[in-house]
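Survey of secondary and tertiary structure
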Amino acid sequence: MASSSRRSWSLSLMPPKILQEIFYKTPAEALIRSKPTCKEWYALITDKRFINEHFNRSKEHFIRIFDDTVEIMDPVTTTSSVSSVPDELRQHPYEITLVYPLMVHCDGLMLVAYDIDDCSCGSDGSRLPNLALWNPVLKNLRWVEPSRGITSYDLHGIGYDKNNRSDGYKILRFIRVPGEVQGYGDVEIYECKTCSWRTLDVELDYAGVMRKWVAVMGNMYWIAYTVEEDDEEEVFIRCIDFSDETFKDICFCPTSDYDNSHLAFFDGDSLSLLQQDQASKKIQVWVSSKLGDGDVSFSKYFSLSGSVLPALRVHENAASPVYCFVKPKSSVIVWCVGVEREGDKVCTCLTSYEIDKDGVRDRKVTKRYNVHDFSGAFVCGYVYVPSMIPLPWARDD
């Protein structure tokens, strides 16, 4: 305790600019614990400009929910912090399954959606919330009152109005047409500032939407596809600009195999795409030009061929892999479900691969399961950047 006090005292004597640079390199979780140290630290750590700049400098992590635990992993070191799922989720008045949430990330805020039957209501007849916004670092969570029941076929995104970032967070919802898995009807927007839903006057002109979406600079991006009259499929990137609430086609995908293509962000202002052919195991990685700089196109980052390459999705029931880039190595770290065999015994595991243009540089098993169950091992993995950005409704510390 005495040693810790001396370190805090020494840091307090540093010039403010040097202290600020040290704090920029300090993990968000550690800064939150340091807020009570002194008034000067508290003022800096809670300053809006510092919070945003700290987020911009923070590294990507992987996050997953399984059973009642939340795991956040550093992709480079594979070290993890494990904590309990927030009480608000575990004590929900309706029995929800924490194993199968859909999560979308923006600015360190996780939008969490659970499938509850459309007719489920509370004892007073009110509709039960099953959509929540959550900051895992601040351990803050707030339910979003739904306009109607949410099902597992509905799709959700989150972003913000770039003209008013702190008060401009919005939630997007595609509502499934009953009886049509690929058909979507109404499109709704929830404004966090006013806590209200409204329906957009827009018609969706595509048949399919991939479920994992990516937030970049306030907008939400996803892979979409249309089926032409000759049964040819066009696969492209579409986004919603939350500033003017318009949908935009960004560019065509460099591959038409959307089932095995995985979208992510790159360098904070671009997109990336990882694709693996299931038969040949060939891996291809693309990155896009900067978003917002005119026409957008993808260029190949690297490509790998060979039968010794690992399968990044070992089974159709296994969750999609998640990945991020490592600099200056120009490599990609992929976290996915793997399979281990010992004689006649087969079990699933979570495996981290570091891959570059020369092949697999490293392989680490981060978790083993004594069962052969693809769906249960890794049902909810996402790229996540820890942040101290408060929930848009909450302005107190």
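Each chain carries its own residue numbering, running from 1 in the written order of its sequence. Since the coordinates come from a predicted model, pLDDT governs what is reported: local features require at least 70, and pairs of side-chain atoms require 80 or more to be given and counted, while whole-chain, interface and lining totals use all residues. Side-chain metrics in this entry use all non-hydrogen atoms of the structure; hydrogen atoms and water are not considered.

The name an unreviewed UniProt entry assigns to the protein is F-box protein At3g08750-like, from the organism Raphanus sativus.

On to the packing of aromatic side chains. Note on ring pairs: Phe, Tyr and Trp rings are taken, using the six-membered ring of Trp, and paired if centres are within 6.5 Å. Classes follow the plane angle, with under 30 degrees stacked, over 60 edge-to-face and the rest tilted. Summed over all chains, the structure comprises 15 aromatic pairs. Judged by centre distance (5.5 Å) and plane angle (10°), the rings of Phe62 and Trp335 are stacked. With Phe62 in strand β1 (residues 61-66) and Trp335 in strand β22 (residues 331-342), this residue pair connects regions lying 273 residues apart in the sequence. Accessibility here uses a 1.4 Å probe with only protein chains present; expressed as a share of the type maximum, an area under 20% marks a residue as buried, one over 50% as exposed, and anything in between as partly exposed. The class for Trp335 is buried, based on a relative accessible area of 0%. Counting from the N terminus, the helices are the DSSP runs of H or I reaching at least four residues and the strands are the DSSP runs of E reaching at least two.

To continue, consider unusual backbone geometry. One non-glycine residue, Thr78, lies in positive phi territory at about 60°. Summarising the element assignment, Thr78 is placed in the loop between β2 (69-73) and β3 (80-84). Despite not being glycine, Asp107 has its phi angle at roughly 60°, a positive value. Relative to the helices and strands, Asp107 resides in the loop between β4 (102-106) and β5 (109-113). The exposure class assigned to Asp107 is buried, which follows from its relative accessible area of 6%.

With 5 of its 5 residues buried, β5 lies for the most part within the structure. Of the two faces of β5, the one holding Leu109, Leu111 and Ala113 and the one holding Met110 and Val112 are both buried throughout. Taken together, the 4 bridges between β5 and strand β6 (residues 131-135) define a ladder with antiparallel strand orientation. Across the sheet, Met110 pairs through a bridge with Trp134, a residue of β6. Should DSSP find at least two bridges between two strands, the strands are taken to pair.

On to helix α2 (residues 16-24), then. Buried residues of α2: Leu19, Phe23 and Tyr24, and no others. Burial along α2 is one-sided: seen end-on, the buried residues are contained in an arc of 140°. Throughout, the arc means the angular range of directions from the helix axis out to the C-beta atoms.

To continue, consider the nonpolar core. Core analysis: the largest hydrophobic core is formed by 97 residues, its most contacted members being Leu172, Phe174, Trp222, Ile223, Ile237 and Leu271. Here the nonpolar core consists of buried residues drawn from Ala, Val, Leu, Ile, Met, Phe, Trp, Tyr and Cys, with membership extended through side-chain atoms lying within 4.5 Å. In terms of nonpolar packing, the next biggest core, distinct from the first, is built from 17 residues, Ile283, Phe302, Tyr323 and Cys336 among them.

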